[in-house]
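Coordinate analysis (summary)
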Amino acid sequence: MQTEITEKGPLLNEDGSLAARGWARTLIRDYERSAIKAPAHRIKEWDYYYTGNSRFGVALTVADNSYMGLLSASLLEFGEAPRETTKSVMTLLPLGSFNMPSTSTEGDVHFENKSCQFLFSNDGGGTRRLLAQMSGFEKGLDFACDITLADEPPESIVMMTPFAENKRAFYYNQKINCLRASGAASVGDKIYEFDPAESFAVLDWGRGVWTYSNTWYWGSASGLVGGRPFGFNIGYGFGDVSAASENIVFYEGRGHKLSQVNFGIPMKDGREDYLSKWSFTSDDGRFEMEFSPLIDRASCTSALIIKSDQHQVFGIFSGRVRLDGGETLEIKELPGFAEKVANRW
């Protein structure tokens, strides 16, 4: 089942449950933190941006997870010796004090302390600017970036997903692929310039109430196929997706909805072998892809009852997809990422 929501209205009912379940092409429902009926410490709100090309990438996160705030920056290089550096700063008990915008279409995200500064500005007219600084990012050198995102496509993937075990838990999420990127990042004196002819970004905009224990899978890529903007979003594990999957292909700004996509993570000695070649296949035969990993951005944080085990793997996708009209696109060496994340939070 792929239930598409086309009517505007509030996201939540008066009892805090989702008013509609399924997917949409735009942020069609109105999110208000004050309408949530769950305990305040269960609310999670974040903006995550990944900007990249075939040579390097930058990931930025600002998250207000109520009991914990997270500010994170990653720099990735995909050359002959692929490598990544990530630095994260955590704060205690923000409980909504980050004032994350209630919509992705306008409003700024801002955080500043002694070790980092983040500003995600949004002019409401389709242009976003990502400014970040982190001191002591790598070998005593500071990180900085100033990236502008433009040419936002008319369609995205928006999910209104419940959790079966708690009617007041939900995930309201938008993924915007194929944002055209320009600007630069730096570590010390080394500069990484994003050419908009080859550089694209994705926004992961998330708001919701999460259950304590969950495991999700997510994959994303944006670039050019035949000189035209192309991207995709695939994943599962983000709650009860019986009303709709979040799997979709974007081509020239329009979404082509997919059914279920399976992540074929290779195994070795009974464990995931994240740096061997992955395979992806859909039950409708419209998405068949191989993924050649370059970097496993792995981290595992454990503190008493809180644990996050993350493997965000960056690499190259190749394969084929079939659009709604039956046209088949051949995908060759498209940069992107796929991940498995297990949380107790």
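Look up a bit, the structure's there.
The structure contained in this document is the topic of the report that follows. (Residues numbered from 1 in each chain as written. Predicted model: local features only at pLDDT ≥ 70, side-chain atom pairs only at ≥ 80, totals over all residues. Heavy atoms only, no water.)

1. Describing the overall build of the chain
- A tally of regular secondary structure across the chain gives 0 helices and 26 strands.
- A compact globule built from 345 residues should have a C-alpha radius of gyration of about 20 Å, and the chain, at 19 Å, falls within 12% of that.
- Along the first, second and third principal axes, the C-alpha set of the chain runs to 55 × 55 × 50 Å.
- Expressed as a percentage of the 345 residues in the chain, the buried residues total 54%.
- A fraction of 55% describes how many contacts in the chain between residues 6 or more apart in sequence connect residues 24 or more apart.
- A total of about 14,700 Å² of accessible surface is found on the chain, and carbon and sulfur atoms cover 48% of it.
- Charge separation in the chain, taken as the distance between the mean sites of 35 positive and 45 negative side-chain charges, equals 4 Å. (Helix = DSSP H or I, 4+ residues; strand = E, 2+ residues; numbered from the N terminus. Rg over C-alpha atoms; globule rule 2.2 N^0.38 Å. Buried < 20%, exposed > 50% of the residue type's maximum accessible area, 1.4 Å probe, protein only. Contact = heavy atoms within 4.5 Å. Areas by Shrake-Rupley, 256 points an atom, 1.4 Å probe, with all protein chains shown as cover. Lys, Arg positive; Asp, Glu negative; His and termini not counted. Charge placed at Lys NZ, Arg CZ, Asp CG, Glu CD.)

2. Some thoughts on the sheet that holds strand S23 (residues 278–282)
- Spatially, the 9 strands line up as an open sheet ordered S19-S18-S17-S16-S26-S25-S24-S23-S20, and their pairing is antiparallel. In this open sheet, the two strands that pair with only one neighbour each are strand S19 (254–257) and strand S20 (261–264). Recorded for the sheet is a direction-independent mean angle of 20° between the axes of neighbouring strands. (Pairing = 2+ DSSP bridges. Axes fitted to C-alpha atoms, helices over the stretch in contact; angles between N-to-C directions.)

3. Observations regarding the pattern of salt bridges
- As enumerated under the stated definition, the model contains 18 salt bridges in all.
- Here Arg 129 makes a salt bridge to Asp 146, at a shortest N to O gap of 2.6 Å. On the criterion of sequence distance, the pair formed by Arg 129 in strand S10 (residues 128–138) and Asp 146 in strand S11 (residues 141–150) is long-range, its members being 17 residues apart.
- Residue classification places Arg 129 among the partly exposed positions, given a relative accessible area of 38%.
- On the basis of relative accessibility, which here comes to 29%, the residue Asp 146 falls in the partly exposed class.
- The salt bridge partner of Lys 277 is Glu 290, with a shortest N-O separation of 3.8 Å. (Salt bridge = Lys/Arg side-chain N within 4 Å of Asp/Glu carboxyl O.)

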